[in-house]
Amino acid sequence: MNKGLPSGWHRVRYPLAAALCILTTFGVFPLRELLELANIVMLFLLTVFIAAVWLGRGPAVLAAFLGVALFDFFFVPPHLSFAVADAQYLVTFAVMLAVGLITSHLAALLSERTEQAQAREQETRVLYELARDLGGALTLDQAADITQRFLGSVDMDATVLVADTSGETVAFQEYGGRHLNSLELSFAHSAYERRTIIETDSLAGMGVAIVFLPLNAPSQVRGVLALTPRTDDVGRLRTHRPLLEAAASLVAIIIERLHYADAARHSELEVVAEKLRSSILSSLSHDLRTPLTSLVGLADTLAQMRPPLPDGAIETAGIIRDQAQAIHHLLSNLLDMARLQAGRVKLNKEWQPFEEIVGSSRRLLATLLAGRKLEIDLPRDLPLVCFDAVLLERVVCNLLENAAKYSREGARIQLAACARETHLEVSVCNDGPGFPAERLDQVFELFVRGERETAVAGTGMGLAICEAIIAAHGGTIGAENRPGGACVRFTLPLGTPPAVEEEAPS
Amino acid sequence: MNEPKTRVIVVEDEPQIRRFVCDALRKEGCAAIEAGTARQGLDQAAADKTDLVILDLGLPDMSGIEFIRDLRTWSPVPILILSARSAEQDKIAALDAGADDYLSKPFAVGELLARVRALLRRPWQDGSARPQHQFGEVEVDLSRRIVSRAGVEVHLTQIEYRLLAVMLANNGKVMTHRHLMQEVWGPGHTEQGHYLRIYVGRLRQKLEADPALPQHILTETGVGYRFQT
């Protein structure tokens, strides 16, 4: 760091050294009769020493030579001449010059060291101040402001570029300082990608950023610090470089800290939102199911009254009951879809035979399937598959239900499963009108139904729920038409089932 | 009729549901006792000999699990749970705590009465345990370790036989995966659920007429199994 002396100081140092020597000469000249020549030599050496301490090495060397010359001219006989009467004085000159040079060297070295130590101390202090100020920054804007203020003290404009890696290519967000042009941004990009400092000295003094420091944080590069010098003094930039690098790493750490603080706050918010959503869902589910349970139960009670009610009343009670069940079905679908769409359904996956949920689905849909000819094709050696039984039962139920709803009484419904190389493939097909060809690719979208306005009851949620569940398992689902009916196929990844130790024969 | 009526306590905070459940029970000839809170339910159960408790899991004053644990400290009375369909974990917790069966809301009265009748038979508690069992075409004689189907002897492995015996002993009840694993393989093996599923599958292959549509060894998806004759 500069000691804060005026910049003209460098230029007046040499004249000052000369002036010092002349001053010594005129100070001592009147006393030349009183003083021994040896003492006058001492006074000149003192001058050289003072010049070395105050003015530095060069002026001290000048003072040494000038001192010898003046001493010779004014004090060594013959006076006022460079001629030397006694050859002995040549030794005096040589010693005087040598002592002057050595003294000036030592003194200058000392003062340089002191200056360096002071500069280092100053650097440490400003870096400490920067670290302290950045530590208190709560936003990137504040951090950029503090950096800007700090680098302003060394005549530089700082622009903090924070890398945004959320997109496909890295984009920079600018904080503080000047707005960078596209050339400067391309330098910044290469500094970011190569993780090295890029300097473009040739552009110095043109008011553009010429130093690009990558912000290397512990986990990754967080961005780039672009510096625009306010003067064209490239040399100073060099001397400040360690300081600039230290500042860049401080800024990098702060950006990382702010990033993690932000992420933590964000995930906390998400947890709260998720809690709220699931508590709304579960209270909705409870509050709506309770009256539906009463409706179904009370309608049943009416139908079973003793003595029996008139036939019309029993039929009405049956309709009330069926409608309440239908609302419940709708409600379950809506709640399931809400959970699945939130993307946070916790799969309760376990290794199990697929056959098991075929059996339970058929039992659940026994009434609906009674009027159809169900053909099941499950090889006995199907491997175990890892899935959430409750959710997959929903898929199989929904598919069988659709197959039954969109087919006539007595129609065939086929359910087949087979193991492919990497996945289990399951298909549910029926004999019926099939999906409308023009909407085949939309049937898995929410609230899209195969047929517009039909007499078949439904909401258009069944297949969307199937798709969401299969997707959550990492499988695929697709619909197709085949001659005389429709088919829905889905797959589940097979993976490696856990080993089963066979029991020893009894 | 001097024989005392079957006493059933209905613990449910929703008055409408309590009403139709009790109506149905009374038509069945049971004495239905209404309780709006868990506290009342426990008091009623302590007041007189009780044959069955029907319990809603969502009570205001106490969790259903606590109620079951409390009751189970002094009474083996059968417990039938009423709960929402989506809450498998709650059902499993209730069953593991000592409940015997569950019914998902909304439920048909006919289904409720079928479960009540099955639980009131209490074949696993009445001390009249017989070694002979018969379901479908299958006959089992536990005293002679003989299993036959349509008159032909069926060979079961040790584990298959043990599994069948546990199921017969819990006829009509829902058995959680955990419960079955513990009974058949012992306490250290409750995490290896796939063993249970494989052996249930084998048992079905050997004993069920149509293993893909079992009539006796039923799957309670996400919860466990139920055996019914």
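Residues numbered from 1 in each chain as written. Chains lettered and ligands numbered in written order. Predicted model: local features only at pLDDT ≥ 70, side-chain atom pairs only at ≥ 80, totals over all residues. Heavy atoms only, no water.

## Observations regarding helix α1 (residues 9-28) of chain A
Residue and element names in this part refer to chain A. Keep this limit in mind: In this text, helices come from DSSP runs of H or I with a minimum length of four residues, and strands from runs of E with a minimum of two, each type numbered from the N-terminal end. Here the expected length of a helix is defined as 1.5 Å per residue gap, with one fewer gap than residues. The seven residues ending at a residue and the seven starting there each receive a fitted axis; the angle between those axes is the bend at that residue. Here's how the labels work: a residue is buried when its accessible area is under 20% of the maximum for its type, exposed when over 50%, partly exposed in between, all with a 1.4 Å probe on protein chains only. Any pair of residues with heavy atoms lying within 4.5 Å of one another is described as a contacting pair.
Its 20 residues give α1 an end-to-end C-alpha distance of 28 Å, which sits within 8% of 28 Å, the value for a rise of 1.5 Å per residue. Where α1 bends most, the angle comes to about 25°, and this point is Pro15. Taken together, the buried positions of α1 are Arg13, Ala17, Cys21, Thr24, Thr25 and Val28. Lining the buried residues of α1 we find α2 (37-55) and α3 (57-75).

## Notes on the state of the cysteines
All names here are of chain A. Using the following cut-off: Counting rule for disulfides: a pair of cysteine sulfur atoms within 2.5 Å.
Following the criterion strictly, the structure yields one disulfide over all chains and no others. Note on cysteine connectivity: Cys429 is disulfide-linked to Cys487, with sulfurs 1.9 Å apart. Of note, the bridge from Cys429 to Cys487 carries an S-S torsion of about 85° and is right-handed in sense. You can see Cys429 sitting in strand β10 (residues 423-431) and its partner Cys487 sitting in strand β12 (residues 485-493), a full 58 residues away along the chain. Given a relative accessible area of 7%, Cys429 falls into the buried group. Residue Cys487 is classed as buried on the basis of its relative accessible area, which comes to 2%.

## Focus on the interface of chain A and chain B
Note the cut-off: When a carboxyl oxygen of Asp or Glu lies within 4 Å of a side-chain nitrogen of Lys or Arg, that pair is called a salt bridge. Any N or O atom pair separated by 3.5 Å or less is treated as a polar contact, with the protein-specific requirement of one donor-capable and one acceptor-capable atom, and with residues adjacent in sequence counted only for side-chain atom pairs.
Listed per partner, the contact involves 42 residues of chain A and 43 residues of chain B. Connecting chain A to chain B are five salt bridges. In this assembly, chain A and chain B are joined by nine residue pairs in polar contact (both at pLDDT 80 or more). Per element, the largest residue contribution to the side of chain A that touches chain B is 10 residues, and it comes from helix α8 (residues 241-303) of chain A.

## Focus: the sheet that holds strand β5 (residues 221-229) of chain A
Residues and elements named next belong to chain A. The cut-off we apply is this: Here, any two strands with at least 2 DSSP bridges between them count as paired.
Spatial strand order, β2-β1-β5-β4-β3: five strands in an open sheet with antiparallel pairing. Strand pairing shows two members of the sheet lacking a second neighbour, β2 (171-175) and β3 (198-199), which therefore form its edges. Pairing of strand β1 (residues 156-164) with β5, which is carried by seven bridges, proceeds in the antiparallel orientation. Residue Leu161 lies in a different strand from β5, and its bridge partner there is Val224.

## Observations concerning the confidence of the model for chain B
Applicable threshold: A score between 0 and 100, pLDDT records how confident the predictor is in each residue.
Chain-level statistics for chain B give a pLDDT mean of 87 and a share of 94% at 70 or above. Across the whole predicted complex the pTM is 0.64, and at the interface the ipTM reaches 0.87.

## A short note on the environment of Glu12 of chain B
All names here are of chain B. Tracing the backbone shows Glu12 in the loop between β1 (6-11) and α1 (15-27). A sequence separation of 42 residues divides Glu12 from Ile54, and the C-alpha atoms of the two residues are 8.1 Å apart. The residues touching Glu12, leaving out its near neighbours within four places in the chain, are Ile17, Arg18, Ala35, Gly36, Asp56, Leu59, Leu82 and Lys105.

## Digging into empty space enclosed by the protein
With a probe scaled to a water molecule rolled over the atoms, the places where space remains empty come into view. Residue and element names in this part refer to chain A. Short version of the rule: Using only the protein atoms, space was sampled on a 1 Å grid; points where a 1.4 Å probe fits but cannot get out form cavities, open sets with protein on both sides within 12 Å along at least five of seven lines form pockets, and lining residues are those with an atom within 4 Å of a point. Grid points are joined across faces, edges and corners, and a volume is the space filled by probe spheres set on the points. For this classification, Asp, Glu, Lys and Arg are treated as charged, while Ala, Val, Leu, Ile, Met, Phe, Trp, Tyr, Cys and Pro are nonpolar and the rest, including Gly, are polar.
Under the criterion given, the structure shown has one cavity of 30 Å³ or more. By volume, the largest cavity is sized at about 50 Å³. Around the largest cavity, the lining residues are Val154, Asp155, Met156, Pro229, Thr231, Asp233, Arg236 and Leu237. Across the lining of the largest cavity, the residue classes tally to four nonpolar, one polar and three charged.

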